Each structure stands twice: as structure tokens, then as C-alpha cells.
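# Inside the fold
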Amino acid sequence: MEIPVEVIKYIYLHDETLDEGDYFRKSVPIKNYTNAFNEIYISTKDNPILNKKLFELDRLDGERLAEFELMGYIKGFLTCMKIMDDNKIE
């Protein structure tokens, strides 16, 4: 069964369960990032230029990570479909 990548992207963009679960809530990298962001934010709050750049960097990093997440989602989806197809043959 072939599913176009655009269909997988649509599924990904409308998957309401992506930000749920223990991994998301307990993720050490997410907590570490949040802590580092807050420390930088507090130290730059008196400097509006640095503060603005901090939030711009955070937004750009979010977009960058979203691309990696989408690529992983698509690859995982296609791998699952291949495994299902291979099992039908046997």
C-alpha cells in the first residue's frame, strides 16, 4: 500500500496526540531547554534587544525541530506501512 507523503503530512499536522504521553511530560531535554531559556530570559529581561532576539531564536529553533520531527514521523509511518505490506506477502 502506497501512501503519498502529502497524506502523511496531513495526518501528522492533525494528530492531536503528539504532545501527550509520558515522554513529552518527563523529557529531560525539554526540561533542560526550558530551564536554560528561563535563565537567559531572566538575565536579559532588562535588555529589550537581547530579549527580542532570544524569543526569535526560540521560534526559529522550534521551526527547525518541527522539520526534524516531521521527517521522523514520515519515515516511521512509511516504515510501518512497509512492514505491514511485507507481512501480507508472507
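Residues numbered from 1 in each chain as written. Predicted model: local features only at pLDDT ≥ 70, side-chain atom pairs only at ≥ 80, totals over all residues. Heavy atoms only, no water.

## Notes on the side chain of N51
Applied cut-off: Going along the chain from the N terminus, every DSSP run of H or I of four or more residues is numbered as a helix, and every run of E of two or more is numbered as a strand. Here, residues are in contact when the closest pair of their heavy atoms is within 4.5 Å.
Position of N51 relative to the elements: it lies in helix α4 (residues 48-89). Ignoring any residue separated from it by four or fewer positions in sequence, one finds N51 in contact with Y41, T44 and K45.

## Things to note about the environment of D58
Heads up, the rule is: Relative accessibility under 20% of the residue-type maximum defines a buried residue, over 50% an exposed one, and the middle range a partly exposed one, all with a 1.4 Å probe and only protein chains included.
Structurally, the position occupied by D58 is in helix α4. According to the relative accessible area criterion, D58 is partly exposed, its value standing at 26%. Linking D58 and F37, residues 21 residues apart in sequence, is a C-alpha distance of 8.3 Å. Not counting chain neighbours up to four residues away, the residues in contact with D58 comprise Y33 and F37.

## Section: a nonpolar patch on the surface
Which entries qualify depends on this criterion: Patch definition: residues with relative accessible area over 30% and no salt bridge; like charges joined within 9 Å; nonpolar side chains (Val, Leu, Ile, Met, Phe, Trp, Tyr) joined within 5 Å. A 1.4 Å probe and the Shrake-Rupley method give the accessible areas. Residues count as covered only by the protein chains that appear here. Salt bridges are defined by distance alone: a side-chain nitrogen of Lys or Arg within 4 Å of a carboxyl oxygen of Asp or Glu.
On the surface, V7, Y10 and I11 cluster together into a nonpolar patch covering about 260 Å² of accessible area. Mapping I11 onto the fold places it in helix α1 (residues 5-13).

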